[in-house]
Amino acid sequence: MTEVGIIGTGMLGKAVGLHLLESGIKLNVYNRTKEKTKELVEKGAKSFDSPKEIAKNSELVLTVVKDADAVREVSFGQNGIVAGKHNDLVVADMSTINPNDSKNIAKKFHDEGIIMLDTPVMGGPNVAINGQLVMMASGNEEAFEKHKKVFQTIAHKTFFLGENGTAHSVKLAMNLQIGMLALALSEGITLTRGAKVNPEIFLKILNSTYFKTGMSENKAYQMIKDKVEPTFTLRNLKKDLDTINDAAKSYGLKLPMASQALEVYNKAVEDGFGDIDYTGILSYLKESTKVEN
Ligand SMILES: NC(=O)c1ccc[n+]([C@@H]2O[C@H](COP(=O)([O-])OP(=O)(O)OC[C@H]3O[C@@H](n4cnc5c(N)ncnc54)[C@H](OP(=O)(O)O)[C@@H]3O)[C@@H](O)[C@H]2O)c1
């Protein structure tokens, strides 16, 4: 059985880990802040003190950390993955990062004789806990096939897309949908509130049309009550919008809405809304527009 390591047991990494354990996979875990591995260890995971130790003891290492700097740190820093390398080691990065960073990181691993796959996912901890993520993958196809069973345990749909960087390019286009959708819904609700109409009426009608979404049918009802328990933080979505705009620039593009959206999410983080759920962008609009109800 493949021994899997997870580096980064934040909201997503922990949920993925719990599901792997429940599926009978032998799991090694590391997190910079050790307390966050507690529940995984209680459920049977083995905790290690560095990414190096995780690499030494695992055939497949999943990195699920904040951003490209964090991926570089756990990979090439002191006691990083590279320091624990062995012949069978494959690294799969599930963090959302810039495809250009991903290509550079994969090249650095390659120079060390290590294969790195890009395996970003769609879906949060609430679906990861049941193995219902959607995974985009790129890099070495043979390594992907070798560990496909694990990837198919993590995600109910996997899409192999080609060379390193490709999966992240598509993932960024996915997160652009999330950022825009949350904003479009929030502005619609804010407009309704401005007109002194109950936002539930707006949602009821929207959800009777072709333009309804999973978000308008589900999370929206929490959003209007300012229920913003994070599954994916607003700060991390802001990070992704930054990355989306950087990636677009590197392709010679300027995406008009993505750059406007970044400004709104930036302001929300500055105003203290960074650690709540990204759907709390509605609460930010409520506060900043001083709209009632
Ligand atoms: N949550 C989602 O719905 C979701 C869905 C798809 C993709 N993602 C992506 O998955 C990644 C993790 O997201 P998350 O929601 O789990 O975020 P999170 O709860 O904020 O966790 C971030 C993780 O990164 C670690 N980290 C940050 N900087 C680090 C560094 N310099 N060195 C080592 N570790 C570092 C944190 O360690 P500490 O605990 O020590 O801070 C923590 O384990 C992000 O790239 C995110 O965009 C998230």
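The rules behind the values
- Residues numbered from 1 in each chain as written.
- Predicted model: local features only at pLDDT ≥ 70, side-chain atom pairs only at ≥ 80, totals over all residues.
- Heavy atoms only, no water.
- Helix = DSSP H or I, 4+ residues; strand = E, 2+ residues; numbered from the N terminus.
- Rg over C-alpha atoms; globule rule 2.2 N^0.38 Å.
- Buried < 20%, exposed > 50% of the residue type's maximum accessible area, 1.4 Å probe, protein only.
- Contact = heavy atoms within 4.5 Å.
- Areas by Shrake-Rupley, 256 points an atom, 1.4 Å probe, with all protein chains shown as cover.
- Lys, Arg positive; Asp, Glu negative; His and termini not counted.
- Charge placed at Lys NZ, Arg CZ, Asp CG, Glu CD.
- Core = buried A, V, L, I, M, F, W, Y, C linked by side-chain atoms within 4.5 Å.
- Expected span 1.5 Å × (residues − 1).
- Arc of directions from axis to C-beta.
- Polar contact = N/O pair within 3.5 Å; in protein donor to acceptor, adjacent residues only side chain to side chain.
- Pairing = 2+ DSSP bridges.
- Axes fitted to C-alpha atoms, helices over the stretch in contact; angles between N-to-C directions.
- Parallel < 35°, antiparallel > 145°, perpendicular 65-115°, else oblique.
- Left-handed = near helix turned anticlockwise from the far one by under 90°.
- Nonpolar A, V, L, I, M, F, W, Y, C, P; charged D, E, K, R; others polar.
- Near = heavy atom within 4 Å.
- Right-handed = clockwise from strand over helix to strand, strands pointing away.
- Phe/Tyr/Trp six-rings, centres within 6.5 Å; stacked < 30°, edge-to-face > 60°.
- Lys NZ or Arg CZ within 6 Å of the ring centre and 35° of its normal.

Draft legend 1. Up close: the overall build of the protein. Along the backbone of the protein there are 15 helices and nine strands. Computed over the C-alpha atoms, the radius of gyration of the protein is 20 Å, within 12% of the 19 Å expected from 2.2 N^0.38 for a compact globule of 293 residues. Dimensions along the principal axes, computed over C-alpha positions, put the protein at roughly 65 × 45 × 35 Å. By the burial criterion, 50% of the 293 residues in the protein qualify as buried. Relative to all contacts within the protein whose residues are 6 or more apart in sequence, the contacts with residues 24 or more apart total 66%. Carbon and sulfur atoms make up 51% of the accessible area of the protein, which amounts to about 14,200 Å² in all. Charged side chains of the protein number 36 positive and 36 negative; the gap between the two group centres comes to 3 Å.

Draft legend 2. Examining the nonpolar core more closely. L185, L234, L237, L241, Y265, Y278 and I281 are the most contacted members of the largest nonpolar core, which totals 33 residues. Broken down by secondary-structure element, the contributors of at least two residues to this core are α9 (166–194), α10 (199–206), α12 (219–223), α13 (234–250), α14 (256–273) and α15 (281–289). Leave out the neighbours within four places in its chain, and I281 touches A182, L183, S186, L234, V264, Y265 and A268.

Draft legend 3. Helix α5 (residues 99–111), seen in detail. The end-to-end C-alpha distance of α5 is 18 Å, a good match for the 18 Å that 13 residues give at a rise of 1.5 Å each. Among all positions in α5, only P99, S102, I105, A106 and F109 are buried. Viewed along the axis of α5, the buried residues span an arc of 120°, placing them on a single side of the element. Among the exposed residues of α5, those pointing more than 90 degrees away from its buried face are K107 and D111. Contacts made by the buried residues of α5 are with α4 (68–76), β5 (90–93), β6 (115–118), α9 and α13. For α5, the side-chain oxygen to backbone nitrogen distance between the N-cap and N100 is 2.8 Å, and the N-cap itself is N98.

Draft legend 4. Main features of the sheet that holds strand β8 (residues 133–137). One open sheet holds the three strands; their spatial order is β7-β8-β9, and the pairing between them is mixed. Either end of the sheet is taken by a strand with one partner, and the two such strands are β7 (121–122) and β9 (155–160). Bridge count between β8 and β9: five bridges; the pairing is parallel. Each bridged residue has a counterpart across the sheet, and for M135 the counterpart in β9 is T158.

Draft legend 5. Structural context of the sheet that holds strand β3 (residues 46–47). Taken together, the six strands give an open sheet; going across it, the order is β3-β2-β1-β4-β5-β6, and neighbouring strands pair in parallel fashion. Of all the strands in the sheet, just β3 and β6 have a single pairing partner and so form its edges. In the sheet, strand β1 (residues 4–7) pairs with strand β2 (residues 27–30) via four bridges, with the strands oriented parallel. Its bridge partner lying in β2, V4 is registered against L27.

Draft legend 6. Quick peek at the packing of α9 against α10. Contact geometry of α9 with α10 gives a least axis separation of 8 Å together with a crossing angle of 130°. Comparing the axis directions of α9 and α10 gives the class oblique. Remark: the crossing between α9 and α10 carries right-handed chirality. Between α9, through L185, G188, I189, T192 and R193, and α10, the contact on the second element is made entirely by P199, F202, L203 and L206. Looking at the contact of α9 with α10 residue by residue, the class counts come to six nonpolar, two polar and one charged.

Draft legend 7. Layout of the site of the ligand. The full set close to the ligand counts 27 residues, and L12, N31, T33, K36 and K66 are the nearest of them. With respect to the ligand, the backbone of M11 contributes an N or O atom lying 2.9 Å from an oxygen atom. Interatomic distance of 2.6 Å between a side-chain N/O atom of N31 and an oxygen atom of the ligand. Starting from 900 Å² of accessible surface for the ligand in isolation, the protein chains cover 89%. Sorting the residues of the shell around the ligand by element identifies α1 (11–22), α4 and α13 as the ones contributing at least two each.

Draft legend 8. Structural detail: the pairing of strand β4 (residues 60–63). Taking every second residue as pointing to the same face, both faces of β4 are buried, with L60 and L62 on one and V61 and T63 on the other. Taken together, the four bridges between β1 and β4 define a ladder with parallel strand orientation. For V4, the partnering residue across the bridge sits in β4 and is L60. Between the parallel elements β4 and β5, the chain passes through α4 in a crossover that is right-handed.

Draft legend 9. Focus on the packing of aromatic side chains. If you walk through the whole model with that rule in mind, you get six aromatic pairs. Taking 5.1 Å as the distance between ring centres and 85° as the angle between the ring planes, the aromatic pair formed by Y210 and F211 counts as edge-to-face. Of the aromatic side chains, those joined through ring pairs into one cluster are F144, F151 and F160. Residue placement shows K108 over the ring face of F76; its charged tip is 4.5 Å from the ring centre.

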